[in-house]
Amino acid sequence: MGISHQVVRLAFSNGTIEVHGLPEGDPRVPAGCRWDARSACHRAAAQDYADIVMSFVRGEVPYEDEARDYPDLAEGLRVRREPRPYQRDAIAAWRKARGRGVVVLPTGAGKSYVAMMAIDDRRRSALVVAPTLDLVRQWYDNLRTAFGQDVGIVGGGEHRVLPLTVTTYDSAYIHMPRFGARFGLIVFDECHHLPGPCYGQGAEMAIAPFRLGLTATPERSDGSHDRLDTLIGPQVFRRDIQEMAGEYLAGYEVVRLAVALTPEERAAYDAARATYRSFLAFHRLRVSEPGGWQRFIGLSSRSHHGRQAWAAWREQKQIALRSEGKLRVLWEILKSHPTEQVIIFTADNETVYALSRTHLIPAITHQTKTPERQWILKAFNAGELRAVVTSKVLNEGVDMPAASVGIVLSGSSSVREHVQRLGRILRRQEGKEATLYEVVTAGTGEEHMSERRREHDAYR
């Protein structure tokens, strides 16, 4: 087969790269490209753009690049500060990996400034992707201050795409087919969210040759964190909490407190547990096995006994999560830290609102309106509010430097969630020593959950 001398042309189309001018079977076609008979061209995922270009450069194949639509940044950082040694090392490692990779740093260690350094280093139009609108607003403010220029926002009812833009993972997935060629660098904040099936597609539909992932906890329980190597790049730098505590993060202590059920609570718990366990035994179910929990949910909806088992599971869980002993211990902890800023974490909103009413503590949940949430956080960090109670919305990304005491009354078995909650109180301040209390109801399923979520070096 002869080789065509037609001009090779690259184009961006709906989250893909089209390679025109090479016939099917041409040996110059880069790896990863597939023939698309409908368009009479080769096609690849947009994320393969850099590899395709390098293939043509190495093979000395002339080409016209109509895919790239991202400009250089006219100016870099306007506001600079001396980076900490580990931030400098992180950027050096990322640069050595050709501007692709994941940086793992604890909450409060300055991951966002690493991103600023990366944007300044590459000087390409950059997109920052964050999991929540609160974080989008935080990035927006930080980027405007650091680079002294207007910043675009996509999400939350806004759609302005500028050389520096911030968006959510949801909006990136929706809009990347249209603006995936407009950024040379993408920063994925809290990048452990990315390997999900939809969010990962958003990364695949962007041509950005430079990519930076930021997280304190890259590992995922489903094992899909391995996809980060393809979507962003390899893990190029890592420092964990215990390596930085006392020097760059506040020193900390973790205190685990076990409380007993009252006789009445114990009787109710054991009865509910027996109903639930009996149903599992009858159907030979083990919820700890893959798919076991989903089978229980399905079977529990099909019969009267199943609905009883579901109600019993909920009852025994609620007894353990909100036992009288926990409430007494909470009050004692609050009294023992009369001058410190405290965050109380629970597993559910119902408990949040109950504690808020009982102790007259402001509550923050996903139902809290943005203006109210911003007022609470501002007053808390200014020392005007002594405590905040929340469920999961403060687990990641929210800056609460004043917090020095965390109280985990209940939560999931997730290691990530527990590490994130610890991270909320580790922002370093002069003379600060942080304490994380974990309150567990003894003799219940909470003990097993506690052991699972403490499987991290930060608790050893």
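Values in this document were obtained by computation on a predicted structure and should not be read as measured data.

Scanning the chain from terminus to terminus reveals 16 helices and 19 strands. With respect to the principal axes defined by its C-alpha atoms, the chain has extents near 85 × 55 × 40 Å. The buried share of the chain, taken over its 460 residues, is 53%. Here the analysis covers contacts within the chain between residues at least 6 apart in sequence; of these, 70% occur between residues at least 24 apart. Carbon and sulfur atoms provide 49% of the accessible area of the chain, an area that totals close to 21400 Å². For the chain, the distance from the average position of its 61 positive side-chain charges to the average position of its 56 negative side-chain charges is 2 Å.

So, about the sheet that holds strand E5 (residues 63–65). Across the sheet, five strands lie side by side as E3-E4-E2-E1-E5; this open sheet has mixed pairing. Two strands bound the open sheet, and with one partner strand each, they are strand E3 (34–36) and E5. Across this sheet, the average inter-strand angle for adjacent strands is 30 degrees, counted without regard to direction. Pairing between strand E1 (residues 8–13) and E5: three bridges, direction parallel. Directly across from Arg9, in E5, lies its bridge partner Glu64.

Under the definition given, this model contains four cavities of 30 Å³ or more. Roughly 60 Å³ of internal volume is contained in the largest cavity. Around the largest cavity, the lining comprises ten residues; the ones closest to its centre are Pro106, Thr107, Ala216, Ile241 and Val419. Residues of the lining of the largest cavity, tallied by class, amount to five nonpolar, three polar and two charged.

The subject of this paragraph is the packing of helix H9 (residues 263–282) against helix H11 (residues 304–321). Where H9 meets H11, the closest approach of the two axes is 8 Å, and the angle between their N-to-C directions is 145 degrees. H11 is crossed by H9, and the crossing has left-handed handedness. Together, Glu265, Ala268, Tyr269, Ala272, Arg273, Thr275, Tyr276 and Phe279 of H9 and His305, Gly306, Gln308, Ala309, Ala312, Trp313, Glu315, Gln316, Ile319 and Ala320 of H11 make up the contact between the two elements. Among the residues making up the contact of H9 with H11, the classes are represented as ten nonpolar, five polar and three charged.

Before going further, it helps to spend a moment on helix H6 (residues 197–204). Every buried residue belonging to H6 is among Gly200, Gly202 and Ala203, and all of these are buried. With its buried residues spanning 150 degrees around the axis, H6 presents them on a single face. Those residues of H6 hidden inside the fold are in contact with helix H5 (169–179), strand E11 (185–189), strand E12 (210–215) and helix H7 (228–231).

Here we take up the layout of surface pockets. The calculated volume of the largest pocket comes to roughly 1100 Å³. Elements supplying a minimum of two residues to the lining of the largest pocket: helix H3 (111–122), helix H4 (133–147) and helix H14 (370–381). No other element matches H4, which puts nine residues into the lining of the largest pocket. Looking at side-chain class alone, the lining of the largest pocket contains eleven nonpolar, eleven polar and 16 charged residues. For the second largest pocket, the calculated volume is near 890 Å³. If you go around the second largest pocket, you meet 25 residues; those closest to its centre are Tyr276, Val287, Trp313, His448 and Arg452. Among the elements of the structure, H9, helix H10 (292–300), H11 and helix H16 (445–453) are those that each provide at least two residues to the lining of the second largest pocket. Ranked by the residues each element gives to the lining of the second largest pocket, the list is headed by H9, at six residues. By residue class, the composition of the lining of the second largest pocket is eleven nonpolar, eight polar and six charged.

Reading the values: rules and limits
- Residues numbered from 1 in each chain as written.
- Predicted model: local features only at pLDDT ≥ 70, side-chain atom pairs only at ≥ 80, totals over all residues.
- Heavy atoms only, no water.
- Helix = DSSP H or I, 4+ residues; strand = E, 2+ residues; numbered from the N terminus.
- Buried < 20%, exposed > 50% of the residue type's maximum accessible area, 1.4 Å probe, protein only.
- Contact = heavy atoms within 4.5 Å.
- Areas by Shrake-Rupley, 256 points an atom, 1.4 Å probe, with all protein chains shown as cover.
- Lys, Arg positive; Asp, Glu negative; His and termini not counted.
- Charge placed at Lys NZ, Arg CZ, Asp CG, Glu CD.
- Pairing = 2+ DSSP bridges.
- Axes fitted to C-alpha atoms, helices over the stretch in contact; angles between N-to-C directions.
- 1 Å grid on protein atoms, 1.4 Å probe; cavity = no way out; pocket = protein on both sides within 12 Å on 5 of 7 lines; lining within 4 Å.
- Points joined across faces, edges and corners; volume = space filled by probe spheres on them.
- Nonpolar A, V, L, I, M, F, W, Y, C, P; charged D, E, K, R; others polar.
- Left-handed = near helix turned anticlockwise from the far one by under 90°.
- Arc of directions from axis to C-beta.

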